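In case you want the letters, here they are:
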Amino acid sequence: MTAPVAAPADTTSSSASDEGILVGHVDALERALAEAFRSHRYRVEEILEDHMEAMLNSQTAHQQELAKLRAENALLRERLSLSPAATQLPQAYMYEQTLASIAKAGAKAKTAHN
C-alpha cells in the first residue's frame with residue numbers, strides 16, 4: 001500500500017504575499033533614504049551659505065583695509081612730494097626708483113666726462 005501523496009501547496013498565494021511584503025520594505029527604505037538625503041542636503045546648503053557669508057565678510061574687511069592703506073600711502077607720498085602716480089603698484093615704484101638711479105648714474109658719467 002502506498003501512502004497518499006499530499007497535494008502540492010498553493011505557492012502562488014504565498015509568493016504573492018512575500019512579494020507584497022518585500023515591496024513594502026523597499027518602499028519604506030526608499031522613503032527613509034529620501035528623507036535622509038533631503039535633510040543632509042539642507043544641512044550642507046546651510047553650511048555652504050554660512051561659509052559664503054563669512055567669506056564675503058572677510059573679503060569686505062580685506063578690501064576696506066587695503067583702501068585705508070592706499071589712502072595712507074597716498075597721503076604720505078603727498079607729504080614727501082613723491083609722484084602720486086606710483087601709488088598703484090609696487091612695480092611702478094620700483095621702476096621709478098630704477099629710473100632715478102639711472103639718471104643719477106648718467107649725470108655722474110656726464111660730469112666725469114667733462
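Definitions and limits used
Residues numbered from 1 in each chain as written. Predicted model: local features only at pLDDT ≥ 70, side-chain atom pairs only at ≥ 80, totals over all residues. Heavy atoms only, no water. Salt bridge = Lys/Arg side-chain N within 4 Å of Asp/Glu carboxyl O. Helix = DSSP H or I, 4+ residues; strand = E, 2+ residues; numbered from the N terminus. Buried < 20%, exposed > 50% of the residue type's maximum accessible area, 1.4 Å probe, protein only.

S.K.: Outline the pattern of salt bridges, supporting the account with residue identities and numerical values.
M.R.: Pairing is possible between side chains that carry opposite charge, provided their charged atoms lie close to one another. In this structure the tally under the stated criterion is 3 salt bridges. Residues Glu35 and Arg38 are paired through a salt bridge, measuring 2.6 Å at the closest nitrogen-oxygen approach. Of the two residues, Glu35 and Arg38 are both situated in helix α1 (residues 11-79); the distance of 3 residues between them amounts to about one turn of the helix. Owing to a relative accessible area of 41%, Arg38 belongs among the partly exposed residues under this scheme. One salt bridge in this structure joins Arg43 and Glu46, with 3.4 Å as the shortest N-O distance. With Arg43 and Glu46 both in helix α1 and 3 residues apart, the pair spans about one turn of that helix. For Arg43, a relative accessible area of 48% translates into the label partly exposed.

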